[in-house]
Amino acid sequence: MTTTVTAVGGQGSTAPAAVAARLTGVTHHFGEASRPPVLDRIDLTVAPGEFVCLLGASGCGKSTLLSLVAGLDEPVSGTVEVPGGRPALMFQEPALYPWLTAAGNVELALRLRGLARAERREEAQRLLTLVRLEGSGPKRVHELSGGMRQRVALARALAQEGDLLLMDEPFAALDAITRDVLHEELTRIWTETGRAVIFVTHNVREAVRLGQRVVLLSSRPGRVAREWAVDIPQPRRIEDPDVSRLSAEITEDLRQEIARHGH
Ligand SMILES: Nc1ncnc2c1ncn2[C@@H]1O[C@H](COP(=O)(O)OP(=O)(O)OP(=O)(O)O)[C@@H](O)[C@H]1O
Ligand SMILES: [Mg+2]
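Residues numbered from 1 in each chain as written. Chains lettered and ligands numbered in written order. Predicted model: local features only at pLDDT ≥ 70, side-chain atom pairs only at ≥ 80, totals over all residues.

Per an unreviewed UniProt entry, the recorded name for the protein chain is ABC transporter ATP-binding protein, and the organism is Cellulomonas terrae.

1. Focus: the overall build of the protein chain
The secondary structure content of the protein chain amounts to seven helices and ten strands. For a compact globule of 263 residues, the expected C-alpha radius of gyration is about 18 Å, and the protein chain comes in at 19 Å, within 12% of that figure. Seen along its three principal axes, the alpha-carbon backbone of the protein chain occupies a region of about 50 × 45 × 35 Å. Looking at the protein chain as a whole, 42% of its 263 residues qualify as buried. Considering only contacts within the protein chain whose residues lie at least 6 apart along the sequence, 73% involve residues at least 24 apart. (Helix = DSSP H or I, 4+ residues; strand = E, 2+ residues; numbered from the N terminus. Rg over C-alpha atoms; globule rule 2.2 N^0.38 Å. Buried ≥ 20, exposed ≤ 12 C-beta atoms within 10 Å, placed from the backbone. Contact = placed C-beta atoms within 7 Å.)

2. Details of the environment of Leu216
Looking at the element boundaries, Leu216 is found in strand β9 (residues 213–217). For Leu216 and Ile250, which are 34 residues apart along the polypeptide, the C-alpha to C-alpha distance reads 8.3 Å.

3. Notes on helix α3 (residues 117–130)
End to end, α3 covers 20 Å across 14 residues, agreeing with the expected 20 Å (1.5 Å per residue, within 8%). For α3, the set of buried residues is Arg120, Ala124, Leu127 and Leu128. Projected down its long axis, α3 shows its buried positions confined to an angular sector of 100°, all on one face. Exposed residues lying more than 90 degrees from the buried face of α3 are Ala118 and Glu122. Those residues of α3 that are buried lie in contact with α2 (102–112) and α4 (146–159). (Expected span 1.5 Å × (residues − 1). Arc of directions from axis to C-beta.)

Laid out in C-alpha coordinates, this is it:
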(Lines give C-alpha, C1' and ligand atoms only; values in the text may rest on other atoms or scores of the structure.)
(Ligands and ions follow the chains in the order given, each with its own letter.)
Protein backbone atom coordinates (compact mmCIF):
# COMPACT_ATOMS: atom_id res chain seq x y z
CA MET A 1 0.00 0.00 0.00
CA THR A 2 1.15 3.50 -0.68
CA THR A 3 1.09 6.42 1.68
CA THR A 4 0.06 9.86 0.60
CA VAL A 5 -0.39 12.63 3.09
CA THR A 6 -1.97 15.67 1.57
CA ALA A 7 -2.13 18.93 3.44
CA VAL A 8 -2.43 21.31 0.53
CA GLY A 9 -3.36 24.89 1.28
CA GLY A 10 -6.58 26.16 -0.22
CA GLN A 11 -4.90 29.30 -1.59
CA GLY A 12 -5.72 30.12 -5.18
CA SER A 13 -8.84 28.02 -5.19
CA THR A 14 -12.17 29.78 -4.78
CA ALA A 15 -14.29 26.63 -4.86
CA PRO A 16 -15.10 25.43 -1.34
CA ALA A 17 -13.41 22.13 -0.49
CA ALA A 18 -15.72 19.14 -0.81
CA VAL A 19 -14.44 17.72 2.46
CA ALA A 20 -12.78 19.15 5.56
CA ALA A 21 -10.83 15.92 6.12
CA ARG A 22 -10.79 12.48 4.60
CA LEU A 23 -9.01 9.40 5.91
CA THR A 24 -8.94 6.45 3.55
CA GLY A 25 -7.69 3.07 4.69
CA VAL A 26 -5.51 4.64 7.36
CA THR A 27 -3.40 2.10 9.25
CA HIS A 28 -0.87 3.10 11.86
CA HIS A 29 1.36 1.40 14.39
CA PHE A 30 4.33 2.46 16.43
CA GLY A 31 7.49 0.40 16.23
CA GLU A 32 7.24 -3.27 15.30
CA ALA A 33 4.30 -4.27 13.10
CA SER A 34 3.66 -7.65 14.80
CA ARG A 35 1.11 -6.36 17.32
CA PRO A 36 -2.35 -5.35 16.13
CA PRO A 37 -2.11 -1.86 14.66
CA VAL A 38 -3.17 1.16 16.72
CA LEU A 39 -5.36 2.24 13.82
CA ASP A 40 -6.56 -0.28 11.26
CA ARG A 41 -7.96 0.74 7.87
CA ILE A 42 -9.83 3.75 9.16
CA ASP A 43 -12.18 5.38 6.67
CA LEU A 44 -13.57 8.66 7.93
CA THR A 45 -14.82 11.69 6.06
CA VAL A 46 -15.61 14.98 7.75
CA ALA A 47 -17.76 17.37 5.71
CA PRO A 48 -17.02 21.11 5.64
CA GLY A 49 -18.51 22.66 8.77
CA GLU A 50 -19.35 19.29 10.31
CA PHE A 51 -18.91 18.63 14.05
CA VAL A 52 -17.71 15.06 14.65
CA CYS A 53 -17.01 13.63 18.10
CA LEU A 54 -14.65 10.69 18.57
CA LEU A 55 -15.15 8.30 21.45
CA GLY A 56 -13.24 5.19 22.46
CA ALA A 57 -11.44 3.42 25.28
CA SER A 58 -8.25 4.93 26.64
CA GLY A 59 -5.37 4.01 24.36
CA CYS A 60 -7.56 3.11 21.37
CA GLY A 61 -5.85 5.65 19.13
CA LYS A 62 -7.96 8.83 19.26
CA SER A 63 -5.01 11.18 19.81
CA THR A 64 -3.02 9.25 17.23
CA LEU A 65 -5.80 9.80 14.71
CA LEU A 66 -5.83 13.54 15.46
CA SER A 67 -2.06 13.80 15.10
CA LEU A 68 -2.30 12.15 11.67
CA VAL A 69 -5.01 14.61 10.60
CA ALA A 70 -2.88 17.46 12.00
CA GLY A 71 0.04 16.26 9.88
CA LEU A 72 2.23 15.77 12.98
CA ASP A 73 2.80 12.17 11.95
CA GLU A 74 2.32 10.12 8.80
CA PRO A 75 0.27 6.91 8.66
CA VAL A 76 2.07 3.66 7.91
CA SER A 77 -0.41 3.22 5.07
CA GLY A 78 -3.50 4.88 3.70
CA THR A 79 -4.16 8.51 2.90
CA VAL A 80 -5.04 11.58 4.95
CA GLU A 81 -6.45 14.51 3.01
CA VAL A 82 -6.94 17.92 4.55
CA PRO A 83 -7.66 20.19 1.58
CA GLY A 84 -8.21 23.35 3.64
CA GLY A 85 -4.63 23.61 4.94
CA ARG A 86 -3.07 22.78 8.28
CA PRO A 87 -5.76 22.34 10.94
CA ALA A 88 -5.72 24.16 14.28
CA LEU A 89 -5.16 22.04 17.39
CA MET A 90 -6.39 22.36 20.94
CA PHE A 91 -5.42 20.04 23.79
CA GLN A 92 -6.53 19.25 27.33
CA GLU A 93 -3.90 21.65 28.70
CA PRO A 94 -4.12 25.12 27.20
CA ALA A 95 -0.28 25.32 26.76
CA LEU A 96 -0.21 29.11 26.68
CA TYR A 97 3.02 31.10 26.92
CA PRO A 98 3.03 32.34 30.54
CA TRP A 99 5.19 35.39 29.84
CA LEU A 100 2.66 36.72 27.32
CA THR A 101 -0.72 38.26 28.01
CA ALA A 102 -3.97 36.65 26.83
CA ALA A 103 -3.95 38.96 23.79
CA GLY A 104 -0.23 38.28 23.27
CA ASN A 105 -0.84 34.56 23.01
CA VAL A 106 -3.49 35.08 20.34
CA GLU A 107 -1.39 37.68 18.52
CA LEU A 108 1.52 35.26 18.32
CA ALA A 109 -0.60 32.84 16.26
CA LEU A 110 -1.60 35.75 14.04
CA ARG A 111 2.04 36.77 13.61
CA LEU A 112 2.82 33.26 12.40
CA ARG A 113 0.12 33.86 9.79
CA GLY A 114 2.01 36.96 8.68
CA LEU A 115 -0.43 39.63 9.86
CA ALA A 116 0.96 43.12 10.45
CA ARG A 117 1.02 44.49 14.01
CA ALA A 118 -2.08 46.71 13.77
CA GLU A 119 -4.08 43.94 12.12
CA ARG A 120 -2.96 41.51 14.81
CA ARG A 121 -4.20 43.79 17.58
CA GLU A 122 -7.59 44.17 15.95
CA GLU A 123 -8.01 40.51 15.07
CA ALA A 124 -6.90 39.33 18.54
CA GLN A 125 -9.47 41.64 20.11
CA ARG A 126 -12.15 40.27 17.77
CA LEU A 127 -11.26 36.68 18.68
CA LEU A 128 -11.12 37.43 22.41
CA THR A 129 -14.58 38.98 22.09
CA LEU A 130 -15.78 35.85 20.31
CA VAL A 131 -14.74 33.75 23.33
CA ARG A 132 -16.19 36.40 25.69
CA LEU A 133 -12.85 37.61 27.04
CA GLU A 134 -12.94 41.10 25.56
CA GLY A 135 -11.77 42.72 28.81
CA SER A 136 -9.03 40.20 29.57
CA GLY A 137 -6.58 40.84 26.73
CA PRO A 138 -3.97 42.57 28.93
CA LYS A 139 -4.07 39.88 31.64
CA ARG A 140 -1.18 37.47 32.09
CA VAL A 141 -1.85 33.75 32.01
CA HIS A 142 -1.47 33.30 35.80
CA GLU A 143 -4.24 35.87 36.34
CA LEU A 144 -6.74 33.76 34.37
CA SER A 145 -8.92 30.89 35.65
CA GLY A 146 -8.71 27.44 34.05
CA GLY A 147 -11.83 28.12 32.00
CA MET A 148 -10.49 31.49 30.85
CA ARG A 149 -7.20 29.88 29.83
CA GLN A 150 -9.08 27.35 27.71
CA ARG A 151 -10.97 30.23 26.09
CA VAL A 152 -7.67 31.90 25.22
CA ALA A 153 -6.47 28.58 23.79
CA LEU A 154 -9.67 28.42 21.73
CA ALA A 155 -9.17 32.00 20.50
CA ARG A 156 -5.59 31.10 19.59
CA ALA A 157 -6.77 28.00 17.71
CA LEU A 158 -9.29 30.15 15.83
CA ALA A 159 -6.47 32.61 15.02
CA GLN A 160 -4.87 29.93 12.88
CA GLU A 161 -5.80 29.51 9.28
CA GLY A 162 -7.58 26.43 8.10
CA ASP A 163 -11.19 25.44 8.26
CA LEU A 164 -10.72 22.44 10.54
CA LEU A 165 -10.36 22.53 14.30
CA LEU A 166 -8.99 19.45 16.11
CA MET A 167 -9.79 19.27 19.81
CA ASP A 168 -8.34 16.59 22.10
CA GLU A 169 -10.33 16.48 25.36
CA PRO A 170 -10.12 20.27 25.61
CA PHE A 171 -12.48 20.57 28.58
CA ALA A 172 -11.58 17.41 30.51
CA ALA A 173 -9.71 19.27 33.27
CA LEU A 174 -12.51 21.77 33.95
CA ASP A 175 -15.29 21.67 36.52
CA ALA A 176 -18.78 20.74 35.31
CA ILE A 177 -20.20 24.28 35.38
CA THR A 178 -17.30 25.83 33.45
CA ARG A 179 -17.47 22.97 30.99
CA ASP A 180 -21.17 23.59 30.53
CA VAL A 181 -20.53 27.26 29.75
CA LEU A 182 -17.77 26.39 27.29
CA HIS A 183 -20.04 23.88 25.54
CA GLU A 184 -22.44 26.73 24.89
CA GLU A 185 -19.61 28.97 23.70
CA LEU A 186 -18.18 26.29 21.44
CA THR A 187 -21.55 25.56 19.86
CA ARG A 188 -22.08 29.30 19.26
CA ILE A 189 -18.58 29.80 17.84
CA TRP A 190 -18.88 26.70 15.67
CA THR A 191 -22.17 28.07 14.26
CA GLU A 192 -20.65 31.52 13.71
CA THR A 193 -17.35 30.44 12.15
CA GLY A 194 -18.59 27.45 10.13
CA ARG A 195 -15.41 25.49 10.85
CA ALA A 196 -15.41 21.72 10.87
CA VAL A 197 -14.47 20.19 14.23
CA ILE A 198 -13.11 16.80 15.25
CA PHE A 199 -13.59 16.62 19.00
CA VAL A 200 -12.11 13.80 21.09
CA THR A 201 -13.66 13.07 24.47
CA HIS A 202 -14.21 10.31 27.03
CA ASN A 203 -17.45 11.91 28.04
CA VAL A 204 -20.36 10.41 26.09
CA ARG A 205 -22.81 13.14 27.12
CA GLU A 206 -20.35 15.79 26.02
CA ALA A 207 -20.10 14.08 22.62
CA VAL A 208 -23.89 13.97 22.24
CA ARG A 209 -24.25 17.54 23.57
CA LEU A 210 -21.84 18.89 20.93
CA GLY A 211 -21.63 16.64 17.90
CA GLN A 212 -23.64 16.18 14.74
CA ARG A 213 -22.08 12.76 14.53
CA VAL A 214 -20.50 10.52 17.16
CA VAL A 215 -17.92 7.98 16.03
CA LEU A 216 -16.94 5.12 18.36
CA LEU A 217 -13.50 3.59 17.81
CA SER A 218 -12.64 0.06 18.88
CA SER A 219 -9.27 -0.81 20.46
CA ARG A 220 -6.35 -2.82 19.06
CA PRO A 221 -7.03 -2.75 16.30
CA GLY A 222 -8.55 0.73 16.23
CA ARG A 223 -11.42 0.66 13.79
CA VAL A 224 -14.63 2.59 13.41
CA ALA A 225 -16.90 0.38 15.54
CA ARG A 226 -20.11 2.37 15.16
CA GLU A 227 -21.43 5.80 14.27
CA TRP A 228 -24.48 7.74 15.37
CA ALA A 229 -26.05 10.78 13.74
CA VAL A 230 -27.22 13.18 16.44
CA ASP A 231 -30.47 14.70 15.21
CA ILE A 232 -31.24 16.68 18.35
CA PRO A 233 -31.62 20.39 17.54
CA GLN A 234 -29.04 22.87 18.88
CA PRO A 235 -28.76 24.54 21.30
CA ARG A 236 -28.85 21.37 23.37
CA ARG A 237 -28.25 21.01 27.05
CA ILE A 238 -26.29 18.19 28.58
CA GLU A 239 -29.29 17.29 30.78
CA ASP A 240 -31.83 17.19 27.91
CA PRO A 241 -33.80 13.89 27.94
CA ASP A 242 -32.92 13.26 24.27
CA VAL A 243 -29.22 13.76 25.04
CA SER A 244 -29.52 11.37 28.01
CA ARG A 245 -31.30 8.73 25.94
CA LEU A 246 -28.77 8.65 23.13
CA SER A 247 -25.88 8.87 25.64
CA ALA A 248 -27.19 5.77 27.43
CA GLU A 249 -27.29 3.86 24.15
CA ILE A 250 -23.76 4.93 23.17
CA THR A 251 -22.41 4.23 26.68
CA GLU A 252 -23.61 0.64 26.37
CA ASP A 253 -21.51 0.18 23.20
CA LEU A 254 -18.55 2.00 24.72
CA ARG A 255 -18.71 -0.28 27.78
CA GLN A 256 -18.60 -3.32 25.55
CA GLU A 257 -15.57 -1.91 23.73
CA ILE A 258 -13.78 -1.23 27.01
CA ALA A 259 -14.71 -4.68 28.40
CA ARG A 260 -13.50 -6.35 25.23
CA HIS A 261 -10.17 -4.59 25.51
CA GLY A 262 -9.82 -5.19 29.26
CA HIS A 263 -9.43 -1.62 30.60
N1 LIG B 1 4.69 8.10 20.10
C2 LIG B 1 4.28 6.89 20.46
N3 LIG B 1 5.12 5.84 20.51
C4 LIG B 1 4.72 4.60 20.82
N5 LIG B 1 3.45 4.28 21.13
C6 LIG B 1 2.55 5.27 21.11
C7 LIG B 1 2.91 6.62 20.78
N8 LIG B 1 1.78 7.40 20.84
C9 LIG B 1 0.79 6.56 21.20
N10 LIG B 1 1.24 5.30 21.35
C11 LIG B 1 0.42 4.12 21.69
O12 LIG B 1 -0.64 4.07 20.76
C13 LIG B 1 -1.85 3.69 21.41
C14 LIG B 1 -2.90 4.78 21.16
O15 LIG B 1 -2.51 5.97 21.84
P16 LIG B 1 -3.40 7.27 21.80
O17 LIG B 1 -2.67 8.31 22.59
O18 LIG B 1 -3.72 7.59 20.40
O19 LIG B 1 -4.71 6.79 22.56
P20 LIG B 1 -5.99 7.61 22.99
O21 LIG B 1 -7.17 6.93 22.41
O22 LIG B 1 -5.81 9.05 22.68
O23 LIG B 1 -6.00 7.39 24.57
P24 LIG B 1 -6.51 8.37 25.75
O25 LIG B 1 -8.00 8.30 25.69
O26 LIG B 1 -5.97 7.73 26.99
O27 LIG B 1 -5.96 9.73 25.50
C28 LIG B 1 -1.50 3.47 22.86
O29 LIG B 1 -1.29 2.10 23.05
C30 LIG B 1 -0.23 4.24 23.05
O31 LIG B 1 0.56 3.64 24.04
MG1 LIG C 1 -5.61 10.78 23.86
